[in-house]
Amino acid sequence: MKKLIAAALFAVISATAFAQSQPFHVYNRLRVGYDDNIYSASKDEKSSLRLVEEVEVKLNLALERLYVGIDYRPSLLWIPERDDNETDFLHDLTGSLSLALTPQLVFSFKDTLRASQLPELENDGYYVRADDDNIVNTALATLAYNILPQTRIDLSGRYSILHYSEDAHDADNYWMVVGGASLRQQLASHTTVFGDFRYQLLRYPDAPDELDRDSDALYAGIGFEQTFSEQLIGSLRGGVQNRQYDNDKFDDNTKPYIDASLTIMPTPDTRFTLSGGYSISESDVTAYASQDRYTLALNLAHDFSNKLTVYANGQVAFGKYEADYAYEDLEDHYQDDDETTYSAGARISYKLLQNNWLELGYTFTKIDSDVYGRSDYDRNRVDLGWKIQLF
């Protein structure tokens, strides 16, 4: 019997060690939670329990000159108190590839796909507001060439889409293509400066002529990245953007843009990242051709031990809509208005065994809008989950 138990323990330990050394892993998460506003309503809120079953498939394959990464998370969401549809099937897929063609030339590609049946799907810092099934996809390709040991040029292209399934939201479907170049120069071991140039096409292919929001935009700017110390890393990027609209009603829009971030690591177990930015952005309000968007975000991660980790995040996004970029037939309702999105969340992860984790999470979302036809709401969600590595 002792030999049998010892053999069984050896088999489990060997299988665990083998699984940890492999590039392919599969996880399962089962979460039970509570949502106090399942319809994101401004009044007469309806609450419900919620059950989420999620599978995560991960591949991290690193060869001598090639890296391939895949993270696919399909999930089934069950909300018993929702009248129209109790279940949603969601998809979240990220794929990345990096290939060293020569010692000086590297090609990289990343694609992110998110398919949701929830209007609060987050997309690059703002929330998709239409209550409809939607797909958000972004593909980014970059070719980086080291001209000199301290000099690099990056040529990149990005393609993004947002697509709703219902005809009622056709006017908000869009695709975006961005192409550009960045010249980077390392001045010292801890300092890099760069110059950027980008050209952007934004098209709403299904919008009627009276709601034409198509535009072309140019971006030109400079920036720097600085490693101040092992505990402090910062970056700053800024410049001028010019947006030209196909609709003759709208004047060209020329304004500055800026993006900044600061990462602080006071201890090996703690990491803060503070980021913010401002730019002209696509509008998720059909009546406006664009919006001025300001963002501020804070992310925190701390390891209390090798078993207990806490994550927290918060973000404020402010969208300013101007009457000068609203459509004539709608100007009686759509004037100079603004909308603010607040979001915050926290998650605690505790490692029970070698391949098991207990997770507790909380998410808060608040919309404060002055825009005609939009509603304010608060939403709180809490969940308790169990995560297991299957192999």
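Residues numbered from 1 in each chain as written. Predicted model: local features only at pLDDT ≥ 70, side-chain atom pairs only at ≥ 80, totals over all residues. Heavy atoms only, no water.

Undergrad: Tell me what's going on with the overall build of the chain, and back it up with residues and numbers.
TA: Along its length, the chain carries one helix and 21 strands. For the chain, the residues scored as buried account for 38% of the 391 residues in total. Within the chain, contacts between residues at least 6 apart in sequence are counted, and of these 53% link residues at least 24 apart. Just so you have it, the chain exposes about 21300 Å², and 59% of that area is on carbon and sulfur atoms. (Helix = DSSP H or I, 4+ residues; strand = E, 2+ residues; numbered from the N terminus. Buried < 20%, exposed > 50% of the residue type's maximum accessible area, 1.4 Å probe, protein only. Contact = heavy atoms within 4.5 Å. Areas by Shrake-Rupley, 256 points an atom, 1.4 Å probe, with all protein chains shown as cover.)

Undergrad: Can you explain the packing of aromatic side chains? Please cite residues and give values.
TA: The final tally for this structure, using the stated rule, is 13 aromatic pairs. Aromatic pair F250 and Y327: ring centres 5.2 Å apart, planes at 75°, arrangement edge-to-face. Taken as a pair, F250 in the loop between β14 (232-245) and β15 (253-267) and Y327 in the loop between β18 (308-321) and β19 (337-353) lie far apart in primary sequence, 77 residues in all. Relative to Y334, the ring of Y288 lies with its centre 5.6 Å away and its plane at 90°, an arrangement referred to as edge-to-face. (Phe/Tyr/Trp six-rings, centres within 6.5 Å; stacked < 30°, edge-to-face > 60°.)

Undergrad: I'd like a description of the confidence of the model for the chain, backed by residues and values.
TA: On average, residues of the chain score 88 in pLDDT, and 90% of them reach the 70 mark or higher. By mean pLDDT, the top-scoring element of the chain is strand β3 (residues 66-72) (97), and the lowest-scoring one is helix α1 (residues 2-21) (41). Here residues 1-19 scores under 50 on pLDDT; set against residues more than four positions off or in separate chains, the count is five contacts. (pLDDT = per-residue confidence, 0-100.)

Undergrad: Describe the pattern of salt bridges, with residues and values.
TA: Counted according to the given criterion, the structure contains 21 salt bridges. The partner of E225 in a salt bridge is R184, with the nearest N and O atoms 2.8 Å apart. Highlighted residues: E225 in strand β13 (residues 215-229) and R184 in strand β11 (residues 174-188), separated in sequence by 41 residues. We note a salt bridge from E359 to R347, for which the minimum N-O separation is 3.3 Å. Taken together, the positions of E359 in strand β20 (residues 356-369) and R347 in strand β19 put the pair 12 residues apart, joining distant regions of the chain. Judged by its relative accessible area of 6%, E359 falls in the buried class. Overall, R347 belongs to the partly exposed group, its relative accessible area being 33%. Salt bridges here are not isolated pairs; linked through shared partners, they connect R29, E54, E56, R347 and E359. (Salt bridge = Lys/Arg side-chain N within 4 Å of Asp/Glu carboxyl O.)

Undergrad: How would you summarise the nonpolar core if you had to cite specific residues and measurements?
TA: Among the nonpolar cores identified, the biggest contains 17 residues, and Y174, Y245, F250 and A289 are the most heavily contacted of them. Only β10 (151-164) and β11 provide two or more residues apiece to this core. The element best represented in this core is β11, accounting for three residues. Within the second largest apolar cluster, seven residues are counted, among which are A287, Y288, Y321 and V371. (Core = buried A, V, L, I, M, F, W, Y, C linked by side-chain atoms within 4.5 Å.)

Undergrad: Run through a negative patch on the surface, naming residues and quoting values.
TA: Together, D133, E166, D167 and D206 make up a negatively charged patch on the protein surface. In this fold, D133 is placed in the loop between β8 (126-127) and β9 (134-148). The exposure class assigned to D133 is partly exposed, which follows from its relative accessible area of 33%. (Patch = residues over 30% accessible without salt bridge, like charges linked within 9 Å, V, L, I, M, F, W, Y side chains within 5 Å. Lys, Arg positive; Asp, Glu negative; His and termini not counted. Charge placed at Lys NZ, Arg CZ, Asp CG, Glu CD.)

Undergrad: Explain the environment of D83 to me, and be specific about the residues and the numbers.
TA: Counting through the fold element by element, D83 comes out in the loop between β4 (75-78) and β5 (87-100). The class of D83 is exposed, set by a relative accessible area of 64%. Setting aside residues no more than four positions away along its own chain, D83 makes contact with Y39 and K46.

Undergrad: Tell me about unusual backbone geometry, and name the residues and values.
TA: Phi is positive for S40, close to 50°, though the residue is something other than glycine. For S40, a relative accessible area of 11% gives the class buried. Here D44, not a glycine, exhibits a phi torsion of approximately 50°, which is positive. Examined against the element boundaries, D44 turns out to sit in the loop between β1 (24-35) and β2 (48-62).

Undergrad: Explain the environment of R374 residue by residue, including any values.
TA: Looking at where R374 falls in the secondary structure, it is placed in the loop between β20 and β21 (377-389). A polar contact is formed between the side chain of R374 and the side chain of E339, at a distance of 3.0 Å. (Polar contact = N/O pair within 3.5 Å; in protein donor to acceptor, adjacent residues only side chain to side chain.)

Undergrad: Explain the side chain of D88 to me, and be specific about the residues and the numbers.
TA: Among the structural elements, D88 can be located in strand β5. Since its relative accessible area comes to 2%, D88 is described here as buried. A distance of 2.7 Å separates polar atoms of two side chains, one belonging to D88 and the other to R82.

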